[in-house]
Amino acid sequence: MEKRFDIEKHLREDLELSPPSPDFSKKVMGAIAGTRIAPASRSYLNKKVVYGTGLFFLLLIAAAVVYALPSFNWSAAGKFRLAVDVSTLDIGQYFNRKTVNCLLFLNVLLGLMFLDKYLVRRDRAV
């Protein structure tokens, strides 16, 4: 047994790896460059597993809601009042010209991002 380890040790010490020839490397790289990467497929995931996992979480949420429903104090539902008097609320102090311009700029920016993603997807499909 020890003799085998000695042989392996000598083989590792004496073994020199030489790089492949440039012609071989060129042929291999040319063959790889000609191939196309397969697009992602929906068949990687089993739909039954995905639906089963989704059903499990939906049932878990439904069970939590059903468990919590009896603990609500339903008699207090008619006594609810807002802490703020809505008639005295001045919306104008929050929505001034600067705020509206900032929101408009944000919406335009998001719209341009959406348009860019749409155009990139359309170009890839063609």
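Undergrad: Could you give me a rundown of the overall build of the protein chain, with the residues and numbers involved?
TA: Regarding its fold elements, the protein chain presents four helices and zero strands. Along the chain direction, N to C, the helices and strands of the protein chain fall in the order α-α-α-α. Looking at the protein chain as a whole, 0% of its 126 residues are labelled buried. Entry remark: accessible area of the protein chain is about 13300 Å², with carbon and sulfur atoms responsible for 66%.

Undergrad: Report on the pattern of salt bridges, specifying residues and quantitative values.
TA: For the structure on display, the rule yields one salt bridge. As a salt-bridge pair, aspartate 23 and lysine 27 come within 3.6 Å of each other at their nearest N and O atoms. On the criterion of helical spacing, the pair formed by aspartate 23 and lysine 27 is a turn pair, its members being four residues apart in helix α2 (residues 22-34). The partly exposed category is assigned to aspartate 23, whose relative accessible area is 46%. Overall, the relative accessible area of 57% leaves lysine 27 in the exposed class.

Undergrad: Quick one: what's the story with a nonpolar patch on the surface, residue by residue and with numbers?
TA: Together, Val84, Leu89, Ile91, Tyr94, Phe95, Val100, Leu103, Phe105, Leu106, Leu109, Leu110 and Met113 give the surface a local cluster of nonpolar side chains, amounting to about 1200 Å² of exposed area. Structurally, the position occupied by leucine 103 is in helix α4 (residues 97-125).

Undergrad: Outline the packing of aromatic side chains, listing residues and values.
TA: Tallied over the entire structure, the rule returns one aromatic pair. The interplanar angle of 70 degrees and the centroid separation of 5.4 Å between the aromatic rings of phenylalanine 56 and phenylalanine 57 together place this pair among those described as edge-to-face. A relative accessible area of 44% means that phenylalanine 57 is categorised as partly exposed.

Undergrad: Break down the confidence of the model for the protein chain for me, with residues and values.
TA: When pLDDT is averaged across the protein chain, the result is 83; 90% of the residues are at 70 or more. Confidence, read as mean pLDDT per element, is least for helix α1 (residues 2-14) in the protein chain (73) and greatest for helix α3 (residues 47-68) (92).

Undergrad: For α2, give the residues involved together with the corresponding values.
TA: In this model, α2 (13 residues) spans 18 Å end to end at C-alpha, consistent with the 18 Å of a helix rising 1.5 Å per residue. Taken across its 13 residues, α2 has zero buried, putting it largely on the surface.

The rules we used
- Residues numbered from 1 in each chain as written.
- Predicted model: local features only at pLDDT ≥ 70, side-chain atom pairs only at ≥ 80, totals over all residues.
- Heavy atoms only, no water.
- Helix = DSSP H or I, 4+ residues; strand = E, 2+ residues; numbered from the N terminus.
- Buried < 20%, exposed > 50% of the residue type's maximum accessible area, 1.4 Å probe, protein only.
- Areas by Shrake-Rupley, 256 points an atom, 1.4 Å probe, with all protein chains shown as cover.
- Salt bridge = Lys/Arg side-chain N within 4 Å of Asp/Glu carboxyl O.
- Patch = residues over 30% accessible without salt bridge, like charges linked within 9 Å, V, L, I, M, F, W, Y side chains within 5 Å.
- Phe/Tyr/Trp six-rings, centres within 6.5 Å; stacked < 30°, edge-to-face > 60°.
- pLDDT = per-residue confidence, 0-100.
- Expected span 1.5 Å × (residues − 1).

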